[in-house]
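What follows is the residue order along each chain.
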Amino acid sequence: MLIKFLCQNIYSINDEIEFRMFRSPTRVLKNHVYNSTKIKVLKSAIMYGANASGKTNFVKAINIGRDFIFGGPNNPNRIDIPIFKFESDENKNSLFEYTFLSNSCYYIYGYELNQKKVVKEWCYKLTSKKPKLLFERETLDDNTIFLQKGDFTETKKEENFFDFCLDATRPTQLFLTTLINNNTKHFSDVISWFKKLTIIYPESKFGNLFTIIADNNFYQSFIEILNDLGIDIDDFDDESFNF
């Protein structure tokens, strides 16, 4: 579940903007609130505005931020992203930050980059006391990558694995991308959430009902989502008819 998203300097978005699914303190429609989580968030939200005001580009920003995690830059020496065209400062960073719920835990993952390098990258697990550091990465002026990680590694083998991934990470590449490419066993909640994140555009095509029924795991998750949204559909079935 996406709870908050920040972005800047991407497509037609120049300054930092924020999308939040938090419940308003004055909200009285309780059935519009998702109550299965510690943080009260809305089941759905609507973004509206004038034509050409940036609504589609905001949704595209969510998608391009995700795609960069799994694909990385097309050119290993340069990051080509659709930055804000009228920005006078060529060195201004683009920002992507996601706050989300995955496997009953809350996480923040984000990064800043420009056309030359990934400047910063961070990942935290949110707890009741304070955010727990998973890792923070910073690319210095000489392209040296500095990494600070939490205390979740338990063996020398795990330490060596992270050292290997750090050495294998290019300045233009996310550290999380390197971990994914090397089949890390850590951060599974974070990685699986981004894999499941789906952006639906007007031209997107959806599989038929039989595809949903055939995949039992997906089918059960689909029914749970409908129930959480307050939609009174408990089951689907297929039946043939002669016309």
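All values reported here derive from a predicted model rather than from experimental measurement.

1. Overview of the nonpolar core
Here is step 1: Counting residues in each nonpolar core, the largest one holds 49 residues, and the members touching the most others are Phe-5, Tyr-98, Tyr-109, Leu-176, Phe-187 and Phe-194.
Here is step 2: Sorting elements by how many residues they give to this core places strand S6 (residues 105-113) first, with six residues.
Here is step 3: Ranked by size, the runner-up nonpolar core spans six residues in total, among them Leu-6, Leu-95, Trp-122 and Tyr-124.

2. Examining the state of the cysteines
Here is step 1: By the definition in use, this model includes zero disulfides.
Here is step 2: Cysteine Cys-7 is unpaired, with the sulfur of Cys-123 as its nearest cysteine sulfur at 19 Å.
Here is step 3: By relative accessible area, which is 0% here, Cys-7 ends up buried.
Here is step 4: Of the cysteine sulfurs around Cys-123, a residue in no disulfide, the closest is that of Cys-105, at 12 Å.

3. Considerations on the sheet that holds S6
Here is step 1: If you trace the seven strands from one edge of the open sheet to the other, you get S2-S1-S5-S6-S7-S8-S9, paired in antiparallel fashion. The open sheet is flanked by strand S2 (17-20) and strand S9 (145-149), the only strands paired with a single partner. On average, adjacent strands in this sheet sit at an angle of 5° to one another, irrespective of strand direction.
Here is step 2: When strand S1 (residues 2-8) meets S2, the two strands line up antiparallel, connected through four bridges. Counterpart to Phe-5 in the pairing with S2 is Phe-19.
Here is step 3: Packed onto the sheet, helix H4 (residues 188-196) meets S1, strand S5 (94-102), S6 and strand S7 (118-126) and runs at close to 105° relative to S5.

What counts and what doesn't
Residues numbered from 1 in each chain as written. Predicted model: local features only at pLDDT ≥ 70, side-chain atom pairs only at ≥ 80, totals over all residues. Heavy atoms only, no water. Core = buried A, V, L, I, M, F, W, Y, C linked by side-chain atoms within 4.5 Å. Buried < 20%, exposed > 50% of the residue type's maximum accessible area, 1.4 Å probe, protein only. Helix = DSSP H or I, 4+ residues; strand = E, 2+ residues; numbered from the N terminus. Disulfide = S-S within 2.5 Å. Pairing = 2+ DSSP bridges. Axes fitted to C-alpha atoms, helices over the stretch in contact; angles between N-to-C directions. Contact = heavy atoms within 4.5 Å.

No statement about biological role is implied by the geometric values presented.
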